[in-house]
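# Working through the structure, step by step
Each chain, letter by letter, is given below.
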Amino acid sequence: MKKSVTKITIWGLILLSPLQGLFAQNSELNQLIQLAYNQNRDLQMAYKNTEVHKAQIYTAYEMPKMPVELQVGNIQNPFVRDYTLGFSQTFDLPSVYKNRKQYLTSLSQTAAAQADVLKRQLKLEIRMIYASLSAVNSKTEIINQELEKLKDLSRVYGQKFDQGETDQSDFLNVRLKENELTRNLSVLEMERKNLELQLNQIVNQTSLPKFSYAEPWTYIGMVNGFIPDNPVKKLNNSFIDNALKEVLTIKDFKKPSFNAGVYNQSMQGSLRQFVGVMGVEIPIFVKAFNARQQSAKLRVEMAEQQRDKFDFQMRAELNSLFNQLEIIEKQLSIIRNSSLPDAEKSLSILLNKYKEGQVEYTEWYIVFGQYLGYKNNLIDLEKEKNITISKIYYISENE
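Reference entry: report on the structure contained in this document. Note that the structure is predicted; figures quoted are calculated from it, not measured. (Residues numbered from 1 in each chain as written. Predicted model: local features only at pLDDT ≥ 70, side-chain atom pairs only at ≥ 80, totals over all residues. Heavy atoms only, no water.)

### Details of the overall build of the protein
When helices and strands are counted, the protein shows eight helices and four strands. Along its sequence from the N terminus, the protein presents helices and strands in the succession α-α-α-β-β-α-α-α-β-β-α-α. In the protein, which comprises 399 residues, the proportion classed as buried is 40%. When contacts within the protein are restricted to residue pairs at least 6 apart in sequence, long-range pairs at least 24 apart make up 81% of them. A total of about 23,200 Å² of accessible surface is found on the protein, and carbon and sulfur atoms cover 55% of it. (Helix = DSSP H or I, 4+ residues; strand = E, 2+ residues; numbered from the N terminus. Buried < 20%, exposed > 50% of the residue type's maximum accessible area, 1.4 Å probe, protein only. Contact = heavy atoms within 4.5 Å. Areas by Shrake-Rupley, 256 points an atom, 1.4 Å probe, with all protein chains shown as cover.)

### Notes on the packing of helix H2 (residues 27-39) against helix H3 (residues 41-55)
As a packed pair, H2 and H3 sit with axes 6 Å apart at the nearest point and diverge in direction by 50°. It follows that H2 is oblique to H3 by the angle criterion. For the pair H2 and H3, the contacting residues are Ala 36, Tyr 37, Asn 38 and Gln 39 in the first and Arg 41, Leu 43, Gln 44 and Tyr 47 in the second. Across the contact of H2 with H3, the residue classes break down as four nonpolar, three polar and one charged. (Axes fitted to C-alpha atoms, helices over the stretch in contact; angles between N-to-C directions. Parallel < 35°, antiparallel > 145°, perpendicular 65-115°, else oblique. Nonpolar A, V, L, I, M, F, W, Y, C, P; charged D, E, K, R; others polar.)

### Regarding the packing of H2 against helix H5 (residues 169-203)
As a packed pair, H2 and H5 sit with axes 8 Å apart at the nearest point and diverge in direction by 40°. On the basis of their axis angle, the class for H2 and H5 is oblique. Between H2, through Leu 32, Leu 35, Ala 36 and Gln 39, and H5, the contact on the second element is made entirely by Leu 199, Ile 202 and Val 203. Classifying every residue of the contact of H2 with H5 by side-chain character gives six nonpolar, one polar and no charged.

### Description of the packing of aromatic side chains
All told, the structure shown has six aromatic pairs when counted by the stated rule. Seen in terms of ring centroids, Phe 211 and Tyr 213 are 5.9 Å apart; in terms of plane orientation they differ by 70°. Their pairing is edge-to-face. Side by side, Phe 211 and Tyr 213 carry an identical accessibility label, which is buried. Consider the rings of Phe 253 and Phe 289, whose centres lie 5.3 Å apart with planes at 15°: the pair is stacked. With Phe 253 in the loop between helix H6 (231-251) and strand S3 (257-265) and Phe 289 in helix H7 (residues 287-355), this residue pair connects regions lying 36 residues apart in the sequence. Looking at Phe 289, the relative accessible area reads 18%, which means it is buried. In this structure, Lys 119 packs its charged tip against the face of Tyr 37, placed 4.6 Å from the ring centre. (Phe/Tyr/Trp six-rings, centres within 6.5 Å; stacked < 30°, edge-to-face > 60°. Lys NZ or Arg CZ within 6 Å of the ring centre and 35° of its normal.)

### Digging into the pattern of salt bridges
As enumerated under the stated definition, the model contains 14 salt bridges in all. Taking the shortest distance from any N to any O, the salt bridge between Asp 241 and Lys 245 comes out at 2.6 Å. Residue Asp 241 and its partner Lys 245 are both found in helix H6; the two are separated by four residues, about one turn of the helix. Its relative accessible area of 18% is what places Lys 245 among the buried residues. One continuous salt-bridge network, built from bridges that share partners, spans Glu 189, Arg 192 and Glu 196. (Salt bridge = Lys/Arg side-chain N within 4 Å of Asp/Glu carboxyl O.)

### Thoughts on the nonpolar core
The biggest cluster of nonpolar side chains holds 52 residues, and the ones touching the most others in it are Ile 126, Leu 181, Leu 199, Tyr 354, Trp 364 and Phe 368. The set of elements that each furnish at least two residues to this core consists of H2, H3, helix H4 (94-162), H5, H7 and helix H8 (361-396). Sort the elements by how many residues they give to this core and H4 lands first, with 15 residues. Discounting residues that sit within four places of it in the chain, Leu 181 has contacts with Ile 143, Glu 146, Leu 147, Leu 150, Phe 368 and Leu 372. With 16 residues, the next largest nonpolar core counts Val 232, Phe 322, Tyr 393 and Ile 395 among its residues. (Core = buried A, V, L, I, M, F, W, Y, C linked by side-chain atoms within 4.5 Å.)

### Things to note about the side chain of Ser 339
Structurally, Ser 339 can be placed in helix H7. The exposure class of Ser 339 is buried, given its relative accessible area of 16%. Setting aside anything within four residues of it in sequence, one finds Ser 339 in contact with Ile 334 and Tyr 374.

### What about H5?
The end-to-end C-alpha distance of H5, which contains 35 residues, comes to 51 Å, matching closely the 51 Å that a straight helix rising 1.5 Å per residue would cover. Just past H5, the residue Asn 204 takes up positive phi, approximately 60°. (Expected span 1.5 Å × (residues − 1).)

### Description of the environment of Ala 36
Here Ala 36 shows up in helix H2. Counting along the chain gives 165 residues from Ala 36 to Gln 201, while the straight-line C-alpha distance between them is 9.4 Å. Beyond its immediate chain neighbours, meaning those up to four positions away, Ala 36 contacts Leu 43, Leu 122, Ile 126, Ile 202 and Val 203.

Dropping the structure here:
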């Protein structure tokens, strides 16, 4: 069992490299992705959130307001009016401000990582929808082609019926098949509209340019690769960094704070009495700080466990996706090289025999259904392959 898992993992690592640039082959797909990057509301809000956190970094150096005090009155004796004027400032050790800045910088990096994850998710969604639209277009094209053939066949049997060479059953049977395929076209049209509506919502537009939704990309095999960091993994690492930096800022509450000030005290009208003041604030009751520190340490452990969980799930899913991709390729090979050519040949022979009245409609209908089934299976498998490759990109590739 261990050898099997190792083999799958190594094969998955080997398979990644040619995916580099694989999607660049379709300009329509790239155009949709760029539209989403520029106009998706959730992504724009994520960018704004990053800017907000960047703007907050220098709040790390925030200090309390400086109190300025003025006292006027008969301070020394009842016959001379004196005053006291002074100001003071409370401040922390330089390491406290440094740790605050590091913590706020870490939060800013987390916000940027969240935007990258959302950006990645948008790209995956668009690729999957585009693959589905490509499949809908391919199925529509196949049905239209077969409808033209059925119309020719219908005209042949219509002429034979008019000439009294056959009864109306063959003509009606072909007409029923035409109606069935026409209904399938309506279903595909409804699916296409729903998929395009999803695209509109993602790119935040009421309408899109006219796209052909051609086959999304060409599968060219995979050799020599590696698994770089995933945006979600980077986000998990940033959560750990947040928690570690938070621990440091909580520890800073136990450090002493200082205050310094200058006072001018007049004495019997003289303004030359200056006094310098220096003080220190020392935390004595630290039970609450200890509780906060323990809580922050637990958050570090939770973030590390979340990262490890994601790493395990990512590798397991990669193995599963590569296995799935291998199975899909085998199925595609069987249909392309054997099932579909055999069905096409069998259908051609039976169609000629059916026109000559040598076989019944049911025999032709069964083979025609198999032929269309293989065509649709081929399209569905291509769509599934493209979606599988998109998911591999989402998990493994760091664009």
